[in-house]
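Geometric and topological summary
One letter stands for each residue in the lines below.
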Amino acid sequence: MSSWQTLLLRVGDKCPEYGGAVDYKEHIETCYGVLWREFEHSKDEISELLLQCAEQLPHKIPFYGVLVGMINLEDEDFGKNIVDDLHCKLQEALSSENCDKIRTLMRFLTVLMCSKVILPSSVIEVFETLLSSAATIIDEDAGNPSWQPCADFYITCILSCLPWGGTELIEQVPDEFDRVIVGIQSYLSIRKHSQDTSFIVFEADEDKSAKEKDFVEDLWDHIQILSTNGWKVDSVPRPHLSFEEQLVSGKSYNLSPISCPKQSTSSSRSTISRERENYEAKLKYPQRLRRLHIFPSNKIEKMQPIDRFIVEEYLLDVLLYFNGCRKECASYMASLPVPFRYEYLMAETIFSQIMFLPQPPFKPIYYALVIIDLCKALPGAFPAVVAGAVRSLFNRIGDLDMECRTRLILWFSHHLSNFQYFWPWEEWAHVKDLPIWAPQRVFVQEVLEREVRLSYWDKIKQSIENAPELEELLPPKSVSSFKYNSEEDHGYTLSKEFREMVRGRKTAREITSWVEENIIQIHGSKFAIEVVIQTLLDIGSKSFTHLITVLERYGQVIAKLCTDQNMQVLLIDEVSSYWKNNTQMTAIAIDRMMGYRIISNLAIVSWVFSLSNIEQFHVSDRPWEILRNAINKTYNRIADLRKEIQTLKKSVLLAEDVAVKALKEFEAAETRLEVVDGQPVQAEKPGRLKRLKGYAEKAKDDEIAVREALEAKDALLARALEENKSLFVSLYKSFANVLTERLPPVSADGAFPKLRDEEDIDSMAIDLEESSTMEMDHDNRRKDDRNGEKVTHRYSLKEQDQWCLCTLGYVKAFSRQYATEVWPHLETLEAEVFGGDIHPLFRKAVFSGLCRSTTEM
Amino acid sequence: MASLFKDLAKLSAYRDRRFPGNQEEYEGALQTSTTVYVGNMSFYTTEEQMYELFSRAGEIKKIIMGLDKNSKTPCGFCFVLYYSREDTEDAVKYISGTMLDDRPIRVDFDWGFEEGRQWGRGRSGGQVRDEYRTDYDPGRGGYGKLVQRELESQRELVDYGAGALSAFQPPMPYGRHGGDYGHGGSHRHGRDYRKRNREDEHSASEMSRRTSGYESRRSSDHDSRPEKNPRFRESGDSDDEDDDDQKRRR
């Protein structure tokens, strides 16, 4: 990379390229000097890279804006071209509904106005276009209020630009600016308060969300405060001020008008379809951040609310644009161009992404990597902050959404595995004395389980040597539980004989008939399952690959034995019993058997809801992991099919094209005549004609073949979707059954029973405050006692209530995660499961998972 | 995304010289592959550990452990096969350079597993890199193979006396069972391997003098003998029983 490029990329960074200088003015001068030297022969490259930088390094947009402004002073075409390019990009982003691009390009637009490259009136025009589109969307008659998320997004975009150019707009176009502000005000007065209880991480906040301001209202407040403060923001560098005298003489351009895509207007369809549309809009125009308040307010860095918003935006942008570039990601995260510290805010922002519902923008493991890298980049500051976040989340674990709990467990175990499994476990030793269903205890137990999977039992045992009490929570040392160890065991001889046959490489068919004759006919099928599963699992017990090999070879033997769902449930029971001390192997074995279609997902659901598992619901992740795997695998196969169909559709178009062309070529050749001896004869040689005909026929055959492949896949997808429907019906029915039996009855006045103690929530709030003092006297012995006391007080919850909370939490989590798959079947589900006198709390959990309003119940 | 800082076209610095094709085809294979190569692993890391870590990037289709071609024991590399390309990319992006068994593992796109690629390509059976290493790496069998052989030949020349032997031991005597590495014969695809705690009488007595395998691993006592693998599932897959059975049948 030549030096002008490096300098352009690195402008504003504290880096060796600029000799470690921190003065922005100096950076811009140096960079501009080099760019201008190269300008003659690299004009286009410079323009292109500048735009790329603005798009992908949005926190440095002010610098890029000034650089464009400076070059514009010398070469007016350059500015004009940048403005035109920006227009194209913005229009394309709007049309393709690419939120991230729209947002960053709007900021660049504002900044170019500050550097006198774009006219302020053009910025106002863009604002007004978005504003009027937003106003139309939420209008019942002209628009479609289901698309409010899109309208909200447009308004957020306008508001987000103001910290970068509010001062300039007020100064230069005060009346127009006021018009925009009035427009936003009137939009805010019409729009509906958005409350997505579905996406709330802490369940206790559910009730609050109705009263609290939503994201747009909140941002509006910040902007109003900002305007009364004279638009002073610490977190936005304003380098153009240093160059104002020069820039003022630059030529500013108009941005051609833009247009927003029109969302489909609302037709008076059913509530379900309107709600479904609203759900899809929420996914398409997601709220970017849902703040997670982890730290008490005295811990988090002091800053203006708008600065907080801006730093969050910076961090989210770095996470977005530097995905896959570890080194740069960590270094930009750690060194944003703001004059205050923000480690706590950074931790809250990253954790808010790990816990983002329904899905984080990237897989949670990405954020795990970022945290690991930040702990290394800021060894003095960040690890302690992360530890503080963990403690705080641990204190509120019982209130955390079930899906988020799972993510937290996976993240934390992975994180510790990168830091030698060091954690001050003695702080949490007290959980041993809690009831086994206490959420904190379950959390510790599941973290240890995952640690053991990532490492090995003895190592993890050693890692908790400061808290030997917790050894009780370790999973059993993972050994298999083979039933036939001595000759007295019923089945020992049969199993041994079976093993010999496997060893003798007998075929699946031979073994099947042996099983039929020697076990089924004498001892019955149930016993046959026991012997076959115990023996095969034992043979395949050494590793994942051994298991796969056995299943590939003898899966048919099992499949023949277990043709119906009841037999499959028995089979899963046997797997679970063989691997009762190893949840991972149980889950893997069941997962693979489903993969080989030895067992159906319905059988897995049925097994998960068998009594012995139901009793585990609030105590262990084991049944849930198996259920999650089954649904996830089903979903993955559907997603694969959809992808394949997409590709095939493209191939069909391509093949059609080829076939038409080949046919045309043949026909053209065939009809080409020439006059020989006064008679018209064919001009082409017969050999070529024959060849062309062959091509045309082959192309047609190819087209038919691709079409048939597409039809076959379509049929497969239709079947898979039908199976999916039965899966969800069965899943929800099972949930409904177990919950109806256990949920407390609705009181006579129709009020929902309260599972969570109101006092409980209060005591948690107090904990949060205390946790900060706790941290300070880290080595204080009293802390543990105090903690223990508090905890016993907190788990006044009865076991049954905890079971209900946990199970309802999973109902919500599954509904939310697979909402797009559940929505199409909602009418069936309404009729078959959710109708009638279904328990309102169950209904509420499902509805809230699907983002349906519960008010209409 | 992030095209500014990373040359995305450059997928892997490593070029497998056994790839049957030219550079262009090689890159094409890497660009569409759903297989990753994992390197710098501890010999002790199990498939289940790999499964737990790598399934966080997506659903896993298959895991193929790299094995020493003589001893049929893991020798520090592995292939993980995914169903989707996206998951494969995420494994490379998010897992490469992170720790597994306290070692920073390397994760790269791989052009695709083929039978035979599971074997180490070093002269001694393991990976080439373990031939010439001069450092002591307890997670990868102690010293490099060359150094180990050197130490062994020194030992043969000079009689140190029994006590001094513990400092330098010959390489782990895996594979002294006359090449009979399968167990049960049911799935002897060559991908089969023995767990590494098989000790012959010699090393078993050596082990018993120590405390636990784990502690000795942490101690500074540089012993070239790999320690007992604590991740071994003891019951239910007794190799010895298999061997006995086979003897009995003969």
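Residues numbered from 1 in each chain as written. Chains lettered and ligands numbered in written order. Predicted model: local features only at pLDDT ≥ 70, side-chain atom pairs only at ≥ 80, totals over all residues. Heavy atoms only, no water.

1. Topic: the overall build of chain A
Of regular secondary structure, chain A possesses 36 helices and two strands. Taken along its principal axes, the extent of the C-alpha atoms in chain A is 115 × 100 × 60 Å. Taken over 857 residues, chain A has a buried fraction of 58%. Just so you have it, chain A exposes about 35,800 Å², and 52% of that area is on carbon and sulfur atoms. (Helix = DSSP H or I, 4+ residues; strand = E, 2+ residues; numbered from the N terminus. Buried < 20%, exposed > 50% of the residue type's maximum accessible area, 1.4 Å probe, protein only. Areas by Shrake-Rupley, 256 points an atom, 1.4 Å probe, with all protein chains shown as cover.)

2. A short note on the overall build of chain B
Looking only at helices and strands, one finds eight helices and six strands in chain B. Counting over 250 residues, chain B shows a buried share of 57%. Here the analysis covers contacts within chain B between residues at least 6 apart in sequence; of these, 64% occur between residues at least 24 apart. Here chain B has roughly 11,300 Å² of accessible surface; of this, 50% comes from carbon and sulfur atoms. (Contact = heavy atoms within 4.5 Å.)

3. Structural notes on the packing of aromatic side chains
Residues and elements named next belong to chain A. Under the counting rule described, the total for this entry stands at 53 aromatic pairs over all chains. Their ring planes at 40° and their centres at 4.3 Å tell us that Phe617 and Trp624 sit as a pair that is tilted. Given a relative accessible area of 1%, Phe617 falls into the buried group. A residue is classified by how much of its surface remains accessible, and Trp624, at 0% relative accessible area, is buried. Grouping aromatic residues by their ring pairs yields a cluster made of Phe351, Phe394, Trp411, Phe412, Trp423, Trp425, Trp428 and Phe443. Taking the ring centre of Phe847 as reference, the NZ or CZ of Arg852 above it sits at 4.4 Å. (Phe/Tyr/Trp six-rings, centres within 6.5 Å; stacked < 30°, edge-to-face > 60°. Lys NZ or Arg CZ within 6 Å of the ring centre and 35° of its normal.)

4. Here's the deal with the sheet that holds strand S1 (residues 35-39) of chain B
All names here are of chain B. What the four strands build is an open sheet, ordered S2-S3-S1-S6; its pairing is antiparallel. What marks the edges here is a single partner per strand, and that holds for strand S2 (60-67) and strand S6 (106-110). Averaged over all neighbouring strand pairs, the angle between strand axes comes to 25°, with direction disregarded. Judged from the four bridges that link them, S1 and strand S3 (residues 74-82) form a sheet pairing that is antiparallel. Across the sheet, residue Val38 finds its bridge partner in S3, namely Cys78. (Pairing = 2+ DSSP bridges. Axes fitted to C-alpha atoms, helices over the stretch in contact; angles between N-to-C directions.)

5. A closer look at the pairing of strand S2 (residues 679-682) of chain A
Residue and element names in this part refer to chain A. Across four bridges, strand S1 (residues 673-676) lies against S2 in antiparallel orientation. When the sheet's bridge partners are listed, Glu674 is paired in S2 with Val681. The turn linking S1 back onto S2 is made up of two residues, and Asp677 within it adopts a positive phi angle of 50°.

6. A closer look at the packing of helix H24 (residues 544-561) of chain A against helix H26 (residues 583-595) of chain A
Residue and element names in this part refer to chain A. Packing of H24 against H26 leaves a shortest axis separation of 10 Å and a crossing angle of 45°. Here H24 is positioned oblique relative to H26, judged by the angle of their axes. Our pair here, H24 against H26, has a crossing hand that is right-handed. Contacts between H24 and H26 involve Phe544, Leu547, Ile548, Leu551 and Ile558 on the former and, on the latter, Ile588, Ala589, Arg592 and Met593. Among the residues forming the contact of H24 with H26, the class breakdown is eight nonpolar, no polar and one charged. (Parallel < 35°, antiparallel > 145°, perpendicular 65-115°, else oblique. Left-handed = near helix turned anticlockwise from the far one by under 90°. Nonpolar A, V, L, I, M, F, W, Y, C, P; charged D, E, K, R; others polar.)

7. Some words on empty space enclosed by the protein
All names here are of chain A. Applying the stated rule across the entire model yields 13 cavities of 30 Å³ or more. Here the largest cavity defines a volume of roughly 180 Å³. Lining the largest cavity are 19 residues, with Met402, Arg405, Val442, Cys806 and Tyr810 positioned closest to its centre. For the lining of the largest cavity, the elements supplying multiple residues, two or more each, are helix H18 (402-417), helix H19 (439-454) and helix H33 (799-817). Looking at side-chain class alone, the lining of the largest cavity contains twelve nonpolar, four polar and three charged residues. (1 Å grid on protein atoms, 1.4 Å probe; cavity = no way out; pocket = protein on both sides within 12 Å on 5 of 7 lines; lining within 4 Å. Points joined across faces, edges and corners; volume = space filled by probe spheres on them.)

8. Quick notes on the nonpolar core
Judged by nonpolar contacts, the single largest core of 307 residues is most densely connected at Phe351(A), Phe382(A), Trp425(A), Phe842(A) and Phe54(B). Listed in part, the ten residues of the second largest apolar core include Leu641(A), Val652(A), Ala655(A) and Leu717(A). (Core = buried A, V, L, I, M, F, W, Y, C linked by side-chain atoms within 4.5 Å.)

9. Things to note about the UniProt feature "domain: RRM" (unreviewed entry) in chain B
Sites flagged by UniProt as "domain: RRM" (unreviewed entry) map to residues 34-112 of chain B. For residues 34-112 of chain B, the helix share is 24%, the strand share is 39%, and the end-to-end C-alpha distance is 8 Å. (UniProt positions renumbered as here; feature names shortened; annotations may be inferred.)

10. What to know about helix H2 (residues 24-56) of chain A
Over its 33 residues, H2(A) runs only 19 Å from end to end, short of the ideal 48 Å by more than 12%, given 1.5 Å per residue. The axis of H2(A) is deflected most strongly, by about 110°, at Ser42(A). (Expected span 1.5 Å × (residues − 1). Bend = angle between axes of the 7 residues up to and from the residue.)

11. Quick word on the pairing of S1(B)
Across the five residues that make up S1(B), a large majority, five, are buried. Here S1(B) shows a buried face lined by Thr35(B), Tyr37(B) and Gly39(B) and a second buried face lined by Val36(B) and Val38(B).

12. Examining the packing of helix H16 (residues 364-377) of chain A against helix H17 (residues 382-395) of chain A
Pairs of packed helices are described in terms of their axes, by the angle between the two and the distance that separates them. Residues and elements named next belong to chain A. Interhelical geometry of H16 versus H17 gives an angle of 135° and a closest axis separation of 7 Å. Taken together, the axis directions place H16 and H17 in an arrangement best described as oblique. Facing H16, whose interface residues are Ile371, Leu374 and Cys375, H17 presents Phe382, Pro383 and Val386. Within the contact of H16 with H17, the residues separate by chemical class into six nonpolar, no polar and no charged.

13. Thoughts on H33(A)
End to end, H33(A) covers 27 Å across 19 residues, agreeing with the expected 27 Å (1.5 Å per residue, within 8%). Across the 19 residues that make up H33(A), a large majority, 16, are buried.

14. As for the side chain of Gln148(A)
Residue and element names in this part refer to chain A. Among the secondary structure elements, Gln148 is positioned in helix H7 (residues 148-172). According to the relative accessible area criterion, Gln148 is buried, its value standing at 10%. In contact with Gln148, not counting residues within four places along its chain, are Ile137, Ile138, Tyr187, Arg191 and Lys192.

15. So, the pattern of salt bridges
Summed over all chains, the structure comprises 80 salt bridges over all chains. Measuring nitrogen to oxygen at the nearest pair gives 3.8 Å for the salt bridge that ties Arg10(A) to Glu328(A). Of the two residues, Arg10(A) sits in helix H1 (residues 3-10) while Glu328(A) sits in helix H14 (residues 326-334), which places them 318 residues apart along the sequence. For the residue pair Arg10(A) and Glu328(A), the accessibility class agrees, reading buried in each case. Between Glu821(A) and Arg642(A) there is a salt bridge, and its shortest N-O distance comes to 2.9 Å. Within this pair, whereas Glu821(A) is found in helix H34 (residues 819-822), its partner Arg642(A) is found in helix H29 (residues 622-671), the two being separated by 179 residues in sequence. For Glu821(A), a relative accessible area of 6% corresponds to the buried category. Through salt bridges with shared partners, a single network forms among Glu449(A), Arg450(A), Arg453(A), Asp621(A), Glu625(A), Arg628(A), Glu52(B) and Arg56(B). (Salt bridge = Lys/Arg side-chain N within 4 Å of Asp/Glu carboxyl O.)

16. As for the environment of Glu176(A)
With respect to the element layout, Glu176(A) can be found in helix H8 (residues 174-190). Note: C-alpha distance between Glu176(A) and Tyr810(A) (634 residues apart in sequence) is 51 Å.

17. Some details on unusual backbone geometry
Cis geometry is adopted by the peptide bond preceding Pro358(A), which originates at Leu357(A) and carries an omega value of 0°. Tracing the chain through its elements places Pro358(A) in the loop between helix H15 (343-354) and H16. We note that Trp231(A) has phi near 60°; this positive angle belongs to a residue other than glycine. With respect to the helices and strands, the residue Trp231(A) is situated in the loop between helix H10 (215-228) and helix H11 (244-247). One non-glycine residue with positive phi stands out, namely Asp101(B), at about 50°. Within the secondary structure, Asp101(B) is located in the loop between strand S4 (99-100) and strand S5 (103-104). Judged by relative accessible area, Asp101(B) falls into the buried class, the value being 12%.

18. Thoughts on the side chain of Thr98(B)
Within the secondary structure, Thr98(B) is located in the loop between helix H3 (85-95) and S4. Classification of Thr98(B) as buried rests on a relative accessible area of 1%. At 2.7 Å, the side chain of Thr98(B) and the backbone oxygen of Ile95(B) are in polar contact. For Thr98(B), the residues in contact, after removing those within four places along its chain, are Arg326(A), Leu369(A), Asn418(A), Arg103(B), Pro104(B) and Ile105(B). (Polar contact = N/O pair within 3.5 Å; in protein donor to acceptor, adjacent residues only side chain to side chain.)

19. A word on the environment of Asn418(A)
Considering the arrangement of structural elements, one finds Asn418(A) in the loop between H18 and H19. Residues Asn418(A) and Asp801(A), 383 residues apart in the sequence, show an inter-C-alpha distance of 37 Å. What Asn418(A) contacts, discounting residues up to four positions off in sequence, is Ile372(A), Thr98(B) and Met99(B). Polar contacts involving the side chain of Asn418(A) include one to the main-chain amide nitrogen of Met99(B), which spans 2.7 Å.

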